[in-house]
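Each chain is listed here by its residues.
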Amino acid sequence: MRIIVAGRPHPPVPDDVPGDHPLWTTEIDHWLEPSPYAQATRRDAEQDLLRLLNGGGLGRELVSLTVAAGGGLSASDIAELTGSRPRLVERELSAASGRSFRRRSAHWTPGGPEVYLLAHEEIQRSAADLVTDAELADCRTRLHRWAQTYRSTDWPATTPAYLLRGYTQLLRELGDTGRLVELVCDAARHERLWQVTGADLEGLGELSASLDQLLSDGMRIGDADVSAALRLAAARDGLHERAAALPAELIGLWARLGHTNRAISLAESQREPWVRVPALVTVAASLAATGRPARVIELTYDVDSIDDRDQLLAAIAKGLAEAGQYTEALAMASCLEDEQRGVEALVATVRAAADADALDGPGEQAAVLLRASNAVPAVAIVSSSVKQGDLYADLACTFSLLGDDRRAQEAIELAVSATKDAEVFRKAQGLSHIAIRLAKAPRLTASAVGIARRSAESAATADPQEVGWLFPQVAAGLAAVREHEGAAWVVGHFLPEPVDRDEGLCAVTAATAESGDLGRALETAEQITTPIYRSKAFAAVGTALAKSAEPARCAHLADRNLHVLSEVSSPDWQVDLRIGIADSLLRAGHQEFAETVVAAATDLARGSRVPRGEVRSQIAVAGALAAVDAGEEADTLVRWAEASAEAEVGYLRVLRMVEVAEGLHLTGSNGRKNSLLTSLLDETSQKMHISEYPHAMQKIAQAFDTTGSPNRAREVAQVLLDEARALGNPSQQSWHMYGAAGAFLAVGDVDEALALTPSLPEDTVPEFLSGVVAKLVEAGDLERAVRLTEELADNREGERCLGHIAAGVASTGDLPHAVDLLDEISAPALRERCTVAVIQVAARSGATQEARDLADAITAPGHRSKALGAIADSLGPTPEGRVLLVEALALGPWDQLVEAIAGVAPEHLPLLAALSRNER
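Just so it is clear, the structure is predicted and the values come from calculations on it, not from any experiment.

Let's shift gears to the overall build of the protein. Along its length, the protein carries 50 helices and 3 strands. Taken over the C-alpha trace, the protein has a radius of gyration of 32 Å; the compact-globule value for 920 residues is 29 Å, and the two agree within 12%. Over its C-alpha atoms, taken along the principal directions, the protein stretches across nearly 95 × 75 × 60 Å. Taken across its 920 residues, the protein has 50% of its residues classed as buried. In the protein, of all internal contacts separated by at least 6 residues, the share reaching a separation of at least 24 is 62%.

Tallied over the entire structure, the rule returns 7 aromatic pairs. Between the aromatic rings of Trp735 and Tyr738, the centroid separation amounts to 5.6 Å while the plane-to-plane angle is 80 degrees, which identifies the pairing as edge-to-face. Of this pair, Trp735 and Tyr738 both sit in helix 39 (residues 730-746), 3 residues apart, which is roughly one turn of the helix. You can call Trp735 partly exposed: its relative accessible area is 39%. A relative accessible area of 19% places Tyr738 in the buried class. One aromatic cluster in this structure is built from Trp146, Tyr150, Tyr162 and Tyr167. Here the basic side chain of Arg612 rests over the ring of Trp640, its NZ or CZ set 3.9 Å away from the ring centre. Seen from the ring of Trp640, Arg917 lies directly overhead, with NZ or CZ sitting 5.7 Å from the centre.

Our focus in this paragraph is unusual backbone geometry. With a phi close to 65 degrees, Arg482 is a non-glycine residue in the positive phi region. Here Arg482 is to be found in the loop between helix 25 (470-480) and helix 26 (484-494). Arg482 gets classed as partly exposed once you look at its relative accessible area, which sits at 45%. Notably, Asn918 is not glycine yet its phi reads approximately 65 degrees, a positive angle. In this fold, Asn918 is placed in the segment after helix 50 (909-916).

Interaxial distance between helix 37 (residues 693-706) and helix 39 falls to 8 Å at its minimum, and their mutual angle equals 10 degrees. When the axes of helix 37 and helix 39 are compared, the pair comes out roughly parallel. On helix 39, the residues touching Tyr693, Pro694, Gln698, Ala701, Gln702 and Asp705 of helix 37 are Trp735, His736, Tyr738, Gly739, Gly742, Ala743 and Ala746. For the contact of helix 37 with helix 39, the per-class residue count stands at 7 nonpolar, 5 polar and 1 charged.

With that settled, the discussion passes to helix 22 (residues 405-418). When the terminal C-alpha atoms of helix 22 are compared, their 20 Å separation across 14 residues agrees well with the 20 Å that a helix rising 1.5 Å per residue should span. Within helix 22 the residues assigned to the buried category are Ala408, Ala411, Ile412, Ala415, Val416 and Ala418. Seen end-on, helix 22 carries its buried residues on one side only, within an arc spanning 155 degrees. Along helix 22, the residues that are exposed and aim more than 90 degrees away from the buried face are Arg406 and Glu413. Contact partners of the buried residues in helix 22: helix 21 (385-401), helix 23 (424-438) and helix 24 (445-459).

We now examine the nonpolar core. Counting 155 residues, the largest nonpolar core has Leu143, Tyr162, Tyr167, Val660 and Phe768 as its most contacted members. The leading source of residues in this core is helix 12 (residues 226-244), at 9 residues. With sequence-adjacent residues up to four places away left out, Leu143 is seen in contact with Ala68, Ala69, Leu81, Tyr162, Tyr167 and Leu170. With 135 residues, the next largest nonpolar core counts Ala267, Ala480, Phe494 and Leu585 among its residues.

Position of Ser617 relative to the elements: it lies in helix 33 (residues 615-627). Taking C-alpha positions, Ser617 is 44 Å from Ala511, a pair spaced 106 residues apart along the chain. Setting aside chain neighbours within four positions, we find Ser617 in contact with Trp894 and Asp895. Here the side chain of Ser617 touches Asp895 through a polar contact of 3.1 Å, side chain to side chain.

The next subject is the pattern of salt bridges. Inspection of every chain in the model, using the stated rule, returns 50 salt bridges. Residues Arg864 and Asp856 are paired through a salt bridge, measuring 3.5 Å at the closest nitrogen-oxygen approach. Of the residues examined, Arg864 reaches a relative accessible area of 16% and is grouped as buried. Residues participating in the shared-partner salt-bridge network are Arg151, Glu182, Asp186 and Arg231.

Turning next to the state of the cysteines. This structure, assessed with the given rule, holds 0 disulfides. Here Cys801 is not disulfide-linked; the sulfur of Cys834 is the nearest cysteine sulfur, at 9.5 Å. For Cys801, a relative accessible area of 0% corresponds to the buried category.

Our focus in this paragraph is the side chain of Gln732. As for its position among the elements, Gln732 is in helix 39. Residue classification places Gln732 among the buried positions, given a relative accessible area of 17%. The contacts of Gln732, once residues within four sequence positions are left out, are Gln465, Ile690 and Leu727.

Now for the environment of Pro247. Assignment of secondary structure puts Pro247 in the loop between helix 12 and helix 13 (248-256). Separated by 183 residues in the primary sequence, Pro247 and Gly430 have C-alpha atoms spaced 28 Å apart. The residues touching Pro247, leaving out its near neighbours within four places in the chain, are Val575, Asp576, Ile579 and Ala605.

An α-helical turn contains 3.6 residues, so any two residues separated by three or four positions project in the same direction. The end-to-end C-alpha separation of helix 6 (residues 133-151) is 27 Å, in line with the 27 Å expected for 19 residues at 1.5 Å each. All of the buried residues in helix 6 are Leu136, Cys139, Arg142, Leu143, His144, Trp146, Ala147 and Tyr150.

Before going further, it helps to spend a moment on the pairing of strand 3 (residues 115-118). Every other side chain in a regular strand lies on the same face of the sheet, so the side chains alternate between the two faces. In strand 3, alternate side chains face the same way, and those of Val115 and Leu117 on one face and Tyr116 and Leu118 on the other are all buried. Taken together, the 2 bridges between strand 1 (residues 73-74) and strand 3 define a ladder with antiparallel strand orientation. Across the sheet, Leu73 pairs through a bridge with Tyr116, a residue of strand 3.

Attention now goes to a negative patch on the surface. A surface patch of negative charge is lined by Glu423, Glu466, Glu762 and Asp763. Looking at where Glu423 falls in the secondary structure, it is placed in the loop between helix 22 and helix 23. Classification of Glu423 by relative accessible area gives exposed; the value is 52%.

This part covers the packing of helix 13 against helix 32 (residues 591-607). To characterise two packed helices, one gives the angle between the axes of the helices and the distance between these axes. Their axes nearest at 11 Å, the elements helix 13 and helix 32 cross at an angle of 145 degrees. In the crossing of helix 13 with helix 32, the sense of the turn from one axis to the other is left-handed. Contacts between helix 13 and helix 32 involve Leu250, Leu253 and Trp254 from the first element and Glu595, Val598, Ala599, Ala601 and Thr602 from the second. When grouped by side-chain class, the residues that make up the contact of helix 13 with helix 32 number 6 nonpolar, 1 polar and 1 charged.

This paragraph deals with the confidence of the model for the protein. Considering every residue of the protein, the mean pLDDT works out to 88; 91% of them sit at 70 or more. Ranking the elements of the protein by mean pLDDT puts helix 1 (residues 36-55) last with 58 and helix 48 (residues 879-891) first with 97.

For the rest of this paragraph, the subject is the environment of Ser105. Mapping Ser105 onto the fold places it in the loop between strand 2 (101-104) and strand 3. For Ser105, a relative accessible area of 35% puts it in the partly exposed group. Sequence separation of Ser105 and Ser74 is 31 residues, and the distance between their C-alpha atoms is 9.6 Å.

Conventions and cut-offs
Residues numbered from 1 in each chain as written. Predicted model: local features only at pLDDT ≥ 70, side-chain atom pairs only at ≥ 80, totals over all residues. Heavy atoms only, no water. Helix = DSSP H or I, 4+ residues; strand = E, 2+ residues; numbered from the N terminus. Rg over C-alpha atoms; globule rule 2.2 N^0.38 Å. Buried < 20%, exposed > 50% of the residue type's maximum accessible area, 1.4 Å probe, protein only. Contact = heavy atoms within 4.5 Å. Phe/Tyr/Trp six-rings, centres within 6.5 Å; stacked < 30°, edge-to-face > 60°. Lys NZ or Arg CZ within 6 Å of the ring centre and 35° of its normal. Axes fitted to C-alpha atoms, helices over the stretch in contact; angles between N-to-C directions. Parallel < 35°, antiparallel > 145°, perpendicular 65-115°, else oblique. Nonpolar A, V, L, I, M, F, W, Y, C, P; charged D, E, K, R; others polar. Expected span 1.5 Å × (residues − 1). Arc of directions from axis to C-beta. Core = buried A, V, L, I, M, F, W, Y, C linked by side-chain atoms within 4.5 Å. Polar contact = N/O pair within 3.5 Å; in protein donor to acceptor, adjacent residues only side chain to side chain. Salt bridge = Lys/Arg side-chain N within 4 Å of Asp/Glu carboxyl O. Disulfide = S-S within 2.5 Å. Pairing = 2+ DSSP bridges. Patch = residues over 30% accessible without salt bridge, like charges linked within 9 Å, V, L, I, M, F, W, Y side chains within 5 Å. Areas by Shrake-Rupley, 256 points an atom, 1.4 Å probe, with all protein chains shown as cover. Lys, Arg positive; Asp, Glu negative; His and termini not counted. Charge placed at Lys NZ, Arg CZ, Asp CG, Glu CD. Left-handed = near helix turned anticlockwise from the far one by under 90°. pLDDT = per-residue confidence, 0-100.

Structure follows, in structure tokens:
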């Protein structure tokens, strides 16, 4: 077989082609002589163009506009631009040979009007040579006016596709930065792109491409337009923020509804990996469950790490099992490299396959039994006792449903044994989970009942104030095995507060519905008065109705639930609850109804974005403005941030107001700052929930310290410590101690903070000690920091401490030693985050080239952006600094670069203030 490869000189043969490949040899890789047939075709096409041009009138305008626009205009577009009629345009173009013009479907509307292009790039060049510069300039002026007409009406639904896609490319090719920035930063146009494409990916692509071009131009000429870069970056970050408001489950529902491209675009619009990967996971599961394996495989190319890949593969296995493709699901589960995740995927698959009607013949049943048997010893590697119990219980159900009662009982014993050494509340929780799972296997009912009762007995010895979250789960376990009186007693006895009671009834409703007793489940749901829990309960019943093939009742209940939702004030809760409603509707076969609910949830989530901007970003900009003596602008921005923070409630309000207090300090309003922090102390003491109180007090103490009032910070720390000693509840006492320790540490009282370590919640100690190391490094006590780090050598926080010490060592001028310490950090993401701190120190000390070399090794865009920003800041308001700053803006969010922007381009801080308020 012979393969003929033809291409253009650029790009050349790819670098990854092996050196001995025939493509590198001169016998293969050589210039082709021009084809006489191609030359003849070109001459014919040019003759067609000349006929149109020489004919003047509409024909000449057609050629000129097509050349000027770069193609992509429809007959209607050309008619609008020329003052003609679409039919006349079509007739004129149809008279030209196909060798000169070609037609294709519009990018987003394949069934819509076709667009016209010159047949080949060589023909495009020929046409450009035949049209005068004056004609091209006139046509482009018309295109600009045409675009402005639609912009002035906020890009209505009738906006031509060319203005949403091709026009942007034209402006980039022309180097018309002013028009390009205005166009791609236009919020109304972003909304139109969303309506057309169903996602923000197209808008994000335009903004990123524009930033890249701005950077490329800056590198070429040795200077960069920071103002344009700021506007582009702010618009991009706004779209990312809007995209991040969409829950992963909502994106997955779009895939289940059949909108595959939209779902993938929504997932890929997420900037941060911890948001993007879960979204891709839900899409992968949905596509696998609905029979679209080809698109599923494509998603695995969108992740970089092995862990992320394993998450995707586990989701695909789950989806395949849901679709009844058990052999494929088991094969996929076996591909996972992470042992624990692989075991979880395997157990989920065999559990799904154990359905009585799912397996074809004894051979397939035996294969599933073998896989389940192999999974039993593997579950032992799972670290969580509750998760271990869950997996053993699922295996017990699998064995029971497949007729192996002996192994089912053995798995039950292992499940219960997994909870044996756990704390009382964890034991009760684990037993409840086991009972709920076993209740789904008819022959395991007696075991499930006994375990649910044991769960309730364990829970009765726990402190309700300490673990109030436990009792809804315990009640659910009793309800799952139809011990309804016991479930009612747990709710009534341990959950006296109305909201807590409703949470318990909601859990009971869900478990009762899952057990198949839909009538009783609805009766329980009707007792709930809190709208959120009432809606969640109705959604749980709706899911059960969908599974029981009662689509009419499911739709009726969804209608009722949507009325309940009108009483829920939180947009986030409204979105989450609508997801549950839509999922049950879709599973019940109500595709159109489900899509309506999903669309409403999507609009609501997108609209939940903070319209006034982020308080933290505004305070950072206000501080930068104050530092360059722009006090009036800084004060205005702090007042804006304060008004935004006032609108928040509870714990979040306190956190935002603490940030405002820091802004007041930065702008010299220390009297107002002290008054605000004092009022926050009173508010926190009087209104804050006990679970949030210690952390809120710690934050206030930290704010007192950072704003120049360390003695007030110590007073807050002492209050927390005194309150902790007076508390009788051990859990509450330890969390008060944790808050006090954090407050003492903030003010630099390291010994007082360390003395409280034995009293802190056990799982917080490593992180707390890492904070102590950071404080010691900040104080210059590297020797003590190293000793404390050695105590954390076998802990992940120990590696974080190495990062702190590396930054401290770098500050002494020993950069090689700092780099050696960074190399000891095994986790790549953590190492890169710590490298940024070292680069910041190196850049401030003047080691610019060494800092740049370290930055070049960073792969994560966000970390690389911060590193480049620090280097740019060290270069100051120079051409080189501006180019580097634009590179940093192209890679990461602008609000992490405020200090660099102030150092490199302080004249643009007023613009940054406007952008921080979402004023585009």
